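An overview of the molecular structure
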Amino acid sequence: GAGVSQTPSNKVTEKGKYVELRCDPISGHTALYWYRQSLGQGPEFLIYFQGTGAADDSGLPNDRFFAVRPEGSVSTLKIQRTERGDSAVYLCASSTRGEGVLFFGEGSRLTVL
Amino acid sequence: SQQGEEDPQALSIQEGENATMNCSYKTSINNLQWYRQNSGRGLVHLILIRSNEREKHSGRLRVTLDTSKKSSSLLITASRAADTASYFCATEGGGSNYKLTFGKGTLLTVNP
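One structure accompanies this document, and this report is about it. As the structure is a computational prediction, the values presented were derived from the model and not from experiment. (Residues numbered from 1 in each chain as written. Chains lettered and ligands numbered in written order. Predicted model: local features only at pLDDT ≥ 70, side-chain atom pairs only at ≥ 80, totals over all residues. Heavy atoms only, no water.)

**Here's the deal with the overall build of chain A**
Along its length, chain A carries zero helices and eleven strands. When the helices and strands of chain A are placed in sequence order, the string is β-β-β-β-β-β-β-β-β-β-β. Against the compact-globule benchmark of 13 Å for 113 residues, chain A has a radius of gyration of 13 Å, which places it among compact chains. If one aligns the C-alpha atoms of chain A with their principal axes, the spans along those axes are about 40 × 25 × 25 Å. Counting the 113 residues in chain A, one finds 46% classified as buried. Long-range pairs, those at least 24 residues apart, make up 52% of the contacts in chain A between residues at least 6 apart in sequence. Carbon and sulfur atoms make up 47% of the accessible area of chain A, which totals about 5400 Å². Side-chain charges in chain A split into 12 positive and 12 negative, and the spacing between the mean points of these groups amounts to 6 Å. (Helix = DSSP H or I, 4+ residues; strand = E, 2+ residues; numbered from the N terminus. Rg over C-alpha atoms; globule rule 2.2 N^0.38 Å. Buried < 20%, exposed > 50% of the residue type's maximum accessible area, 1.4 Å probe, protein only. Contact = heavy atoms within 4.5 Å. Areas by Shrake-Rupley, 256 points an atom, 1.4 Å probe, with all protein chains shown as cover. Lys, Arg positive; Asp, Glu negative; His and termini not counted. Charge placed at Lys NZ, Arg CZ, Asp CG, Glu CD.)

The following block contains the structure:
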């Protein structure tokens, strides 16, 4: 597709469950980012991929969060043992390395009950 | 952590008026960018200004950057109801040349 695609757009789960959020970046973009946005806040950095490798995962809040990008294109953000505090919109963005401009998807809204 | 701080947090104006939003940041930067977010949607890039630039224009947008004061402003001229959105500044730099750090945003409401 022409833009960054994120699925699902909405996910409601129960505390303690496992969740996967998927991001399909713009074709040819080598850099991929995950951000988390809480209500009324700006996006907060979680992890950055350059190709297949996580070049910076310093924003992941704890070891319940993990992300992969096995073929350098689609990425999956995985959250284990979800907590109510994980409720937020998870945004994915991609870019051409060095250009600096990020192209965002519409986000996946996660609600943990 | 969030580096940029936008001011004001919320701004309400009438159609046709100009809207000015400010952003302050803390560390050295390579560039500063402004993004727009409509309610419930993703962010859309508006404009990028590099650390060696002082002013940049794009259509009805004007961005200034003062690196000595670590601040930037976004001016939207002749605002329209469709400009209603949240506006975020984001900085790249401070030791990282790939990661954008966003502020909390300004919610702009343009009344018809």
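**Some points on the sheet that holds strand 8 (residues 71–76) of chain B**
Residue and element names in this part refer to chain B. Read from one edge to the other, the open sheet built from five strands follows the order 1-3-8-7-6, with strand pairing classed as antiparallel. Both outer strands of the open sheet, strand 1 (5–7) and strand 6 (55–58), are each paired with one neighbouring strand and no more. Ignoring which end each strand starts from, the neighbouring axes of this sheet average 20° apart. In this sheet, strand 8 lies alongside strand 7 (residues 61–66) in antiparallel orientation, the contact comprising six bridges. (Pairing = 2+ DSSP bridges. Axes fitted to C-alpha atoms, helices over the stretch in contact; angles between N-to-C directions.)

**Observations concerning the pattern of salt bridges**
Residues and elements named next belong to chain A. Following the criterion strictly, the structure yields eight salt bridges over all chains and no others. A salt bridge links Arg64 to Glu83; the nearest nitrogen and oxygen atoms lie 3.5 Å apart. Here Arg64 is found in the loop between strand 6 (53–56) and strand 7 (65–68), whereas its partner Glu83 is found in the loop between strand 8 (75–79) and strand 9 (88–95), with 19 residues between them in sequence. On the accessibility criterion, Arg64 (6% relative accessible area) is buried. (Salt bridge = Lys/Arg side-chain N within 4 Å of Asp/Glu carboxyl O.)

**So, the interface of chain B and chain A**
Each side of the interface is counted separately: chain B has 19 residues, and chain A has 20 residues. When the two sides are added together, the surface that chain B and chain A hide from each other amounts to roughly 1600 Å², 50% of it contributed by carbon and sulfur. The largest per-residue losses of area from chain B upon contact with chain A belong to B:Leu43, B:Tyr98 and B:Lys99, which jointly make up 33% of the total buried on that side. Residue A:Glu106 is joined to B:Arg41 by a salt bridge in which the shortest nitrogen-to-oxygen separation is 2.5 Å. Counting across the interface, chain B meets chain A through eight residue pairs in polar contact (both at pLDDT 80 or more). (Buried area = accessible area lost by both parts, 1.4 Å probe. Polar contact = N/O pair within 3.5 Å; in protein donor to acceptor, adjacent residues only side chain to side chain.)

**Concerning the packing of aromatic side chains**
Using the criterion set out here, one finds nine aromatic pairs over all chains in the structure. Consider the rings of A:Phe104 and B:Tyr35, whose centres lie 5.9 Å apart with planes at 85°: the pair is edge-to-face. Linking A:Phe104 in strand 10 (residues 103–104) with B:Tyr35 in strand 4 (residues 29–37), this pair reaches from one chain into another. Residues A:Phe104 and B:Tyr35 agree in their burial class; the two are buried. Taking 5.9 Å as the distance between ring centres and 75° as the angle between the ring planes, the aromatic pair formed by A:Phe104 and B:Phe102 counts as edge-to-face. Here the residue A:Phe104 occupies a position in strand 10, and B:Phe102 occupies one in strand 10 (residues 96–102), the pair thus bridging two chains. This pair shows no difference in class: A:Phe104 is buried, exactly as B:Phe102 is. (Phe/Tyr/Trp six-rings, centres within 6.5 Å; stacked < 30°, edge-to-face > 60°.)

**Some points on the pairing of strand 4 of chain B**
Every regular strand shows the same layout, with side chains that alternate between the two sheet faces. All names here are of chain B. The buried count for strand 4 comes to eight of nine residues, which makes it a mostly enclosed element. When strand 4 meets strand 9 (residues 85–93), the two strands line up antiparallel, connected through eight bridges. Following the sheet pairing, Tyr35 is matched in strand 9 by Phe88. In this structure, strand 4 lies alongside strand 5 (residues 43–50), joined through seven bridges in antiparallel fashion. Considered in strand 5, the bridge of Gln33 is made with Leu48. Between the end of strand 4 and the start of strand 5, which pair antiparallel, lie five residues, with Gly40 showing a positive phi angle near 75°.

**Thoughts on the side chain of A:Arg64**
Within the local environment of A:Arg64, its side chain forms a polar contact with the backbone oxygen of A:Arg81, the two atoms lying 3.2 Å apart. Each residue touching A:Arg64, except ones within four places of it in the same chain, is listed here: A:Lys78, A:Ile79, A:Gln80, A:Arg81, A:Thr82, A:Glu83 and A:Asp86.

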